[in-house]
Amino acid sequence: MNFTAILYAALALGGLGVLFGAVLSFADKKFAVPVDDRIPRVREALPGANCGACGYAGCDALAAAIVSGDARPDDCPVGGAKCAKAISEIMGVETPQEEEPLVAKVICQGEVGVSKHRYDYDGFPSCQMASSMAGGPKKCPYACVGLGDCVQVCKFDAIKVVNGLAVVDEQKCTACGLCAKVCPRHSIRLSPRSATVMVHCQNRDSARQAREECMKACIACRRCVKECKYDAITVDDGFAYIDPEKCTRCGACVKVCPMGCIKMLEHH
Amino acid sequence: MKKHTFAGGIHPLHGQHEGKAATRGKPVREFVSDSVCIPMDMHLGAPSKPLVRKGDHVKIGQVIGEAVGPRGIPVHASVSGLVTEVGLKQQLLSNASMCVTIQNDFADEWVECKGFGNVETAPADKIVPAILAAGICGMGGACFPTHAKLSPPSGKRIQTILLNGAECETFLTSDHRLMLETPGRVVDGLRAAMRALGVGRGVIAIEDNKPDAIDAMQRACRGREGVEVAVLKTKYPQGGEKQLIQAVTGREVPSGGLPMDVGVVVLNVGTAAAIADAVVDGKPLISRITTVTGAVREPSNLLLRIGTLFADAVSGCGGYDGEPGKIFAGGSMTGVCAPDDSVSMTKATNGIVVLTEKQARSQTQLPCIRCGRCVDACPAGLMPYRLMHLCVSGDLDQAVKENVKDCILCGSCSYICPAKRWLAASFKNAKEQLARRS
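The sections below set out a description of the structure shown in this document.

What counts, and at which threshold
- Residues numbered from 1 in each chain as written.
- Chains lettered and ligands numbered in written order.
- Predicted model: local features only at pLDDT ≥ 70, side-chain atom pairs only at ≥ 80, totals over all residues.
- Heavy atoms only, no water.
- Contact = heavy atoms within 4.5 Å.
- Buried area = accessible area lost by both parts, 1.4 Å probe.
- Salt bridge = Lys/Arg side-chain N within 4 Å of Asp/Glu carboxyl O.
- Polar contact = N/O pair within 3.5 Å; in protein donor to acceptor, adjacent residues only side chain to side chain.
- Helix = DSSP H or I, 4+ residues; strand = E, 2+ residues; numbered from the N terminus.
- Buried < 20%, exposed > 50% of the residue type's maximum accessible area, 1.4 Å probe, protein only.
- Phe/Tyr/Trp six-rings, centres within 6.5 Å; stacked < 30°, edge-to-face > 60°.
- Lys NZ or Arg CZ within 6 Å of the ring centre and 35° of its normal.
- Axes fitted to C-alpha atoms, helices over the stretch in contact; angles between N-to-C directions.
- Parallel < 35°, antiparallel > 145°, perpendicular 65-115°, else oblique.
- Left-handed = near helix turned anticlockwise from the far one by under 90°.
- Pairing = 2+ DSSP bridges.

A word on the interface of chain A and chain B. Contacts between the two partners involve 19 residues from chain A, matched on the other side by 16 residues from chain B. Between chain A and chain B, a total of about 1,500 Å² is buried, with carbon and sulfur atoms accounting for 55% of that surface. The interface formed by chain A and chain B holds 0 salt bridges in total. Run the count over chain A and chain B and you get 11 residue pairs in polar contact (both at pLDDT 80 or more).

Turning our attention to the environment of Glu252 of chain B. One can find Glu252 of chain B in the loop between helix H6 (241–249) and strand E13 (264–268). Those residues in contact with Glu252 of chain B, other than ones at most four positions away along the chain, are Gln246 and Val262 of chain B.

What is expected of a backbone is that most residues other than glycine have negative phi and most peptide bonds are trans. Residues and elements named next belong to chain B. Residue Pro237 follows Tyr236 across a cis peptide bond; omega there is -5°. For Pro237, the position within the fold is in the loop between strand E12 (227–232) and H6. The phi dihedral of Leu13 is positive, around 50°, even though this residue is not glycine. Summarising the element assignment, Leu13 is placed in the loop between strand E1 (3–4) and strand E2 (29–31). The residue Cys143 is not glycine, and still its phi comes out positive at about 60°.

Tallied over the entire structure, the rule returns 27 salt bridges over all chains. In this structure, Asp36 of chain A and Arg38 of chain A form a salt bridge, with 2.9 Å as the shortest nitrogen-oxygen distance. Here Glu89 of chain A and Lys85 of chain A are joined by a salt bridge, their closest N and O atoms 3.9 Å apart. In this pair, Glu89 of chain A and Lys85 of chain A both sit in helix H4 (residues 80–91), 4 residues apart, roughly one turn of the helix. Assessed through its relative accessible area of 44%, Lys85 of chain A is described here as partly exposed. One network of salt bridges, in which partners are shared, links Glu120, Asp188, Arg191, Arg224 and Glu225 of chain B.

Attention now moves to the packing of aromatic side chains. All names here are of chain B. Under the defined criterion, the tally for this structure stands at 0 aromatic pairs over all chains. Lying over the aromatic face of Phe6, Lys235 brings its terminal NZ or CZ to 4.6 Å of the ring centre. Its guanidinium or amino end placed over the ring of Trp110, Lys283 lies 5.0 Å from that ring's centre, counting from NZ or CZ.

A few words on the packing of helix H3 (residues 174–181) of chain B against helix H7 (residues 269–280) of chain B. Residues and elements named next belong to chain B. Look at H3 against H7: their axes get within 9 Å of each other, and the N-to-C directions meet at 45°. Classified by the angle their axes make, H3 and H7 are oblique. The handedness of the crossing between H3 and H7 is left-handed. Of the residues in H7, those touching H3 at Asp175, Leu178 and Met179 are Val269, Gly270 and Ala273.

Turning next to the sheet that holds strand E4 (residues 49–50) of chain B. Read from one edge to the other, the open sheet built from 3 strands follows the order E4-E6-E7 (chain B), with strand pairing classed as antiparallel. Of all strands in the sheet, those bounded by a partner on one side alone are E4 and strand E7 (75–76) of chain B.

Residue and element names in this part refer to chain B. Assignment of secondary structure puts Ser78 in the loop between E7 and strand E8 (81–89). By relative accessible area, Ser78 is classed as buried at 0%. There is a polar contact of 2.8 Å between the side chain of Ser78 and the backbone oxygen of Ile306. Beyond its immediate chain neighbours, meaning those up to four positions away, Ser78 contacts Val36, Ile38, Ile60, Ile286, Arg305 and Ile306.

As C-alpha cells, this is what we get:
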C-alpha cells in the first residue's frame, strides 16, 4: 500500500483546514457586528410561543424592537406582568404598573338549540365565510357562528367549539387577543379575569326581534339595572353591559334576568 | 370562422348541454308578482337612501332610493302601488338590507320618461348621465355601477368595448334569449356606450353553443358603425372578464389591474340592453330576464320586475318539482346560495337555479393526490392545490406571494378535483380575510 500518498493527502487537506480556519477566525474578529447583549436576554424573558399577538413576527422580533426602543417592555400580551417586570429589569427602566390580568370571554350563549337557525351551512368551515352568506346560519347577526376561526388562530389550544359555540379554557388562555381579532362577529372580548358576572349577549336588535333570534338574548328590559345597587350596569345599543370595576359580584342581577343571559362563573 | 379562447378552463355538465337544454328554446315570458321587495344595496357602492315612506303611492319608474356617493345609483319602483313597508330585511349579503316593499295594484302607471329617441343622434355627453339616472349596474353578476365603468380616470384610453354574451355559466339562458329576441337593443346599447366613450370598436363575444344568437347578432350588426361579432369556443369560464379580454383581444390584464389598463371596457349584453332603454326611451332599469330552472315544474326564461321574491318567481314556473335542496341566485358555478326563497332578486340575478336535495348534497373531501388537474384547469394560471394548503394552514402572506388575489373564484379547480377538495372556497375565505386585514 502507498502510505506516502495517504500522508500527502492528509497533510494537504489538514493544511487547507488550518489555513481556512485562520482566515475565518481573523474575519470573525475583524468584521464582527456589535450585538446588543440585551436582545438575547430579553428574548429569554419572553414566553417564546412566537404567537405574533404583539404585532411582530415572533419573540425574536419583539425582543429586538424592545431593545431598540420601538416597543415597550410590557408589549407582550401573553407574558403579562411577570414578563414585563423581568424585561424592565434587563432594560433598566421602571416596571410598568401592574394591570388586572385579562382573559378572552365569549359574549354569546347561542349554542345549537338556543340560537334559532336560519339555514344549514354545509360549506367551507369558516365563520368569516358562513357569516358573509345571507347573514350566517344562525338568525342572530351578533351570535358566535361556531365554525372555529378562533380555534384555528389560537396558539395555546385554549378554545374549543362545543355544541356550536366557542368555549375558552381560562386556564390556558393568555389573553393574546388573536381570537378577538379574527372573530367576524366580535363575539370574543378581552375582559379582566375577575369579571365573573357578565352579560353573555350583545344583540342590538329590538326586544321582539331578539327573542325571535335566540332564546337567551338580552332584550334590554333593564331589570338588572334596577336591581343593581352599585350602578354597575348600563344599557346602551340594545344590550346590558356590566362595568367590571363597579361590579361587586353580588349576583343580584343574575337572579332577575328573565332571559338567562347574565351568568356568574367560577373565578380561577 | 376563427374561434377565440383562453388557456385552461373546464367543460361543466358537458354531457347535459351545460344544463341549458331545458330553457334555451323557451321564449321570454313576462311574470309580474303581487308584491315586490326592492333592496337599496343591489349595486357595489354605498347603499341608496330610501325616499318613500310606508303608505306612499308610487308609480313605475319613480325614484324610491337616492344615489349616495360617487358609485351610488338610484333605485326605481318596479311596480305601481302602495308602499307597505320600509325596513331592514335579510337578503343574500352578510348584513340585513334596507328594503322597500310595494304592493302591486296592477295599474301599471308609469312616471313620465323622456329619452333621446335614437342612440346615434343622442348627445354623447348626455349618455353617461342618462345611464346613472336609469340606475344601471352590471347585470352579469358583479353589480358594478355602469356609469362609473364608463367614466374612466383621465389618462386611461379605451380602445375597445367588449359585450359579454358568452354566458358560460351552467343552466343560464337569459342572455341567450335576450340576444335572440331583441338583438337590436343590444347593438343600440353598445353603440351608446361607444359614443359616450368615443370608442371606435365594439365587439359582441358569443360562445359557439348559441349559433342562433350569433346569427341574430350578426344580422343586427349589419350596417352599424364599428360593431362586430366574435365567436368564442364553449368553455367555462369563457365569460370571465379577464378570460374574455384575453380571448378576443389577445391582451392580458396585469395582475391586480383592471380591464381599462389594457384599453378595454367589458359590459354584459343585458347591461347594454338596459343602456339602450335608458338612452332611447329614458326608461329606468325596472325589470330583467332571469332563467328559473332546475327542480321547478316548468323551467322558463322570465321577464321579472326587480325585487320579485324568489318564491314568486318559482310559483311563476309552476312551483317546485319535489323538495328543494338548494336555491342558487345565479348559475351553479358562481352563484350564491340563498338561505330560503324569501329573498328578492336584484338587478344582477341572471338565474334562479333550484337543486334537489340529492344534487345539493356535498361530497366528502379526500386527500390531495397531486394529480395537477386543478393546475391545468385554472384560467388564472395559479397552482390551486398548493394555494389551498397555504390558505388552510393560515400562511396568507405566502399565499399572496403565490398570487391568491388573482383567483377569479370561478370554481374550475373545485369542479375538476377528483378528491372533491374545497379549493375555490378556501381561496374565497382567504380573500375575505385579506380584505378584512387591510
